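What follows is the residue order along each chain.
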Amino acid sequence: MNSSLESMALDVSDQEMLLYQQLFKHYIGLYLPFSKKALLCSRLSRRLGELGLADLREYYALISAPQEEEERQRAIDLITTNETYFFREQKHFDALRDEILPEMSSRQELKIWSAASSSGEEAYSIAMLLDDCRGHHPWTIFASDISLRVLSFARRALYPMVRGEHIPKPYLSRYCLCGTGEYEGHFLIDQRIRKRVVFEQRNLLNLPSEMDQKFDIVFLRNVIIYFDFPTKVDVIRAVIQKIRPGGWLIVGHSESLHGMPLDLQMHAPSIYRRPL
């Protein structure tokens, strides 16, 4: 972080931080603790410069206006973007291949939701595994995120080679096309995989009812850590309603559902099932 950003971080008052905390909590459920002042500044400072605004209070006045939905979404994109990678938390993919998919082999069509898909690595990782394990059986993946910017990146499906270092080598050769020319140093997800993954924006605080009891498996990983406890419970309950009875919920290894009044049965740490 450069000195100008450091000085800006020091100038953020508790009152200003509280305003942003309340705004992000209201719109997307994000809990932004006071310890994240530096993050707030580093993520938003360039945008303030582009708009010619003097400080974060001016920017808050802009994005809190009801009619400024587009700029508010821009701020949400900047704050919520996080690094991810293919086949993150490999044990979940092992469980999917070795335990969950064999048990669901009789299902004619399998529907999976990657509920915090970020820039698409999780959804495409699941797609590679399904294509490998389910052959020609029908399956679809619905992938969602709050950030329009990362969803655009995910639909493009073009990644720097370094992002693919955790992809199993057989999958890398089968499902990833090595870029040439201007795309050298990148790889593109094969079209056979891309066309079976649908990306759309969803707010976990306001999920549509038409998604109810639709999915066999939901990946909700590394997102509820950003919510306070009551919001975590609300989000998980809403997501459970989207899972068919007998279906599965997978959360991040660092995320615990302990103490939450939820209609779920724990199969293994971070892997849960909705009762039949």
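These numbers were taken from a predicted model, which means no experiment stands behind them.

Colleague: Even after reading the chapter, I still don't get the overall build of the protein chain, so can you show me in this structure?
Modeller: Each helix and strand in the protein chain was counted, giving 11 helices and 10 strands. Whereas a compact globule of 276 residues would reach a radius of gyration of roughly 19 Å, the protein chain reaches 20 Å, a difference of no more than 12%. The principal-axis extents of the C-alpha atoms in the protein chain amount to approximately 60 × 55 × 30 Å. The proportion of buried residues among the 276 residues of the protein chain is 49%. Considering only intrachain contacts with a sequence separation of at least 6, the fraction spanning at least 24 residues in the protein chain is 74%. With 34 positive and 36 negative side-chain charges, the protein chain shows a spacing of 5 Å between the two charge centroids.

Colleague: Teacher, can you tell me more about the pairing of strand 1 (residues 110–114) here?
Modeller: Each regular strand carries side chains that alternate between the two faces of the sheet. Where burial is concerned, most of strand 1 is hidden: four out of the five residues are buried. Here strand 1 pairs with strand 2 (residues 139–145) via five bridges, running parallel. From the neighbouring strand, Lys111 faces strand 2, where its bridge partner is Thr140. Taking the sense of rotation as the criterion, the β-α-β connection linking strand 1, helix 7 (residues 121–134) and strand 2 turns out right-handed. As defined by bridge partners, strand 1 adjoins strand 7 (residues 215–220) across three bridges and the pair is classed as parallel. Note that in strand 7 the partner of Ile112 across the bridge is Ile217.

Colleague: Hey, could you run me through the environment of Leu40 in this one?
Modeller: Within the element layout of this structure, Leu40 appears in helix 3 (residues 37–51). With relative accessibility at 0%, the residue Leu40 sits in the buried group. Leu40 sits 16 residues away from Leu56 along the chain, and the two C-alpha atoms are 9.2 Å apart.

Colleague: What is the right way to read the pairing of strand 8 (residues 243–251) from this model?
Modeller: Here strand 8 lies mainly inside the structure; seven of its nine residues are buried. Tracing the backbone out of strand 7, into helix 11 (residues 229–240) and back to the parallel element strand 8 gives a crossover that is right-handed. Sheet analysis places strand 8 next to strand 10 (residues 271–273), joined by three bridges and oriented antiparallel. The residue of strand 10 that forms the bridge with Leu249 is Tyr272.

Colleague: Can you walk me through the nonpolar core in this structure?
Modeller: One broad trend across soluble globular proteins is that nonpolar side chains are buried collectively. Phe86, Tyr124, Met128, Ile141, Ile189 and Ile217 are the most contacted members of the largest nonpolar core, which has 38 residues in total. Broken down by element, this core gets its largest block of residues, seven residues, from helix 7. Residues within four places of Phe86 in sequence aside, it is in contact with Glu121, Tyr124, Ser125, Met128, Tyr159, Arg163, His166, Ile167, Phe187 and Ile189. Within the second largest apolar cluster, 26 residues are counted, among which are Ala116, Leu204, Met211 and Val218.

Colleague: What exactly am I supposed to notice about the packing of helix 2 (residues 14–28) against helix 4 (residues 56–63) here?
Modeller: The geometry of a pair of packed helices is captured by two quantities: the angle between their axes and the separation between those axes. For the pair helix 2 and helix 4, interaxial distance at closest approach is 10 Å and the crossing angle is 25°. What the angle tells us is that helix 2 and helix 4 run roughly parallel. The way helix 2 lies across helix 4 gives a crossing that is left-handed. Each of Gln15, Glu16, Leu19, Tyr20 and Leu23 in helix 2 lies in contact with helix 4, whose residues at this interface are Leu56, Arg57, Tyr59, Tyr60 and Ile63.

Cut-offs applied
Residues numbered from 1 in each chain as written. Predicted model: local features only at pLDDT ≥ 70, side-chain atom pairs only at ≥ 80, totals over all residues. Heavy atoms only, no water. Helix = DSSP H or I, 4+ residues; strand = E, 2+ residues; numbered from the N terminus. Rg over C-alpha atoms; globule rule 2.2 N^0.38 Å. Buried < 20%, exposed > 50% of the residue type's maximum accessible area, 1.4 Å probe, protein only. Contact = heavy atoms within 4.5 Å. Lys, Arg positive; Asp, Glu negative; His and termini not counted. Charge placed at Lys NZ, Arg CZ, Asp CG, Glu CD. Pairing = 2+ DSSP bridges. Right-handed = clockwise from strand over helix to strand, strands pointing away. Core = buried A, V, L, I, M, F, W, Y, C linked by side-chain atoms within 4.5 Å. Axes fitted to C-alpha atoms, helices over the stretch in contact; angles between N-to-C directions. Parallel < 35°, antiparallel > 145°, perpendicular 65-115°, else oblique. Left-handed = near helix turned anticlockwise from the far one by under 90°.

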